[in-house]
Amino acid sequence: MSTRMEDLRNELLSDVAAHAATVLQDHGVAGEVADQAGAAIADHLADHWGGQLITVPKDYAYRLALRDQAILAEFDGANLPSWPAATT
């Protein structure tokens with residue numbers, strides 16, 4: 001059940017606030033403090049980006065870079081798969 005204030009908040013800002021609060025709680029922050037921080041983050045987005053037409057990138061390059069770093073961190077030279085013998 002939502003409150004009247006939650007009904008008034010934009011769907012994107014509401015989702016950002018809720019997700020921020022969830023992440024903070026997952027990291028041990030108390031529920032009420034996490035909710036306040038989530039609301040502050042949503043307020044910041046509204047204050048600084050409100051009224052502008054923006055496109056939110058899917059962030060493929062960053063995610064691929066993280067994957068590549070993980071692969072390189074596990075590579076030690078000895079774990080290179082052996083190549084099959086050349087056939088004619």
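The structure under discussion appears in the preceding block.
The structure reproduced in this document is the subject of the present report.

Reading guide: rules and limits
Residues numbered from 1 in each chain as written. Predicted model: local features only at pLDDT ≥ 70, side-chain atom pairs only at ≥ 80, totals over all residues. Heavy atoms only, no water. Helix = DSSP H or I, 4+ residues; strand = E, 2+ residues; numbered from the N terminus. Buried < 20%, exposed > 50% of the residue type's maximum accessible area, 1.4 Å probe, protein only. Expected span 1.5 Å × (residues − 1). Salt bridge = Lys/Arg side-chain N within 4 Å of Asp/Glu carboxyl O.

## Focus: unusual backbone geometry
At step 1: Non-glycine residue aspartate 59 carries a positive phi angle of around 70°.
At step 2: Its place among the elements puts aspartate 59 in the loop between helix 3 (31-49) and helix 4 (60-74).
At step 3: Since its relative accessible area comes to 39%, aspartate 59 is described here as partly exposed.

## Things to note about helix 4
An α-helical segment advances 3.6 residues per turn. Residues three or four places apart therefore align on the same side.
At step 1: Taking 1.5 Å per residue as the helical rise, helix 4 with its 15 residues ought to reach 21 Å, and the 21 Å between its terminal C-alpha atoms agrees with that figure.
At step 2: Within helix 4, only zero of the 15 residues are buried, which leaves it mostly out in the open.

## Some thoughts on the pattern of salt bridges
At step 1: Summed over all chains, the structure comprises one salt bridge.
At step 2: We note a salt bridge from arginine 67 to aspartate 68, for which the minimum N-O separation is 2.6 Å.
At step 3: Looking at aspartate 68, the relative accessible area reads 34%, which means it is partly exposed.

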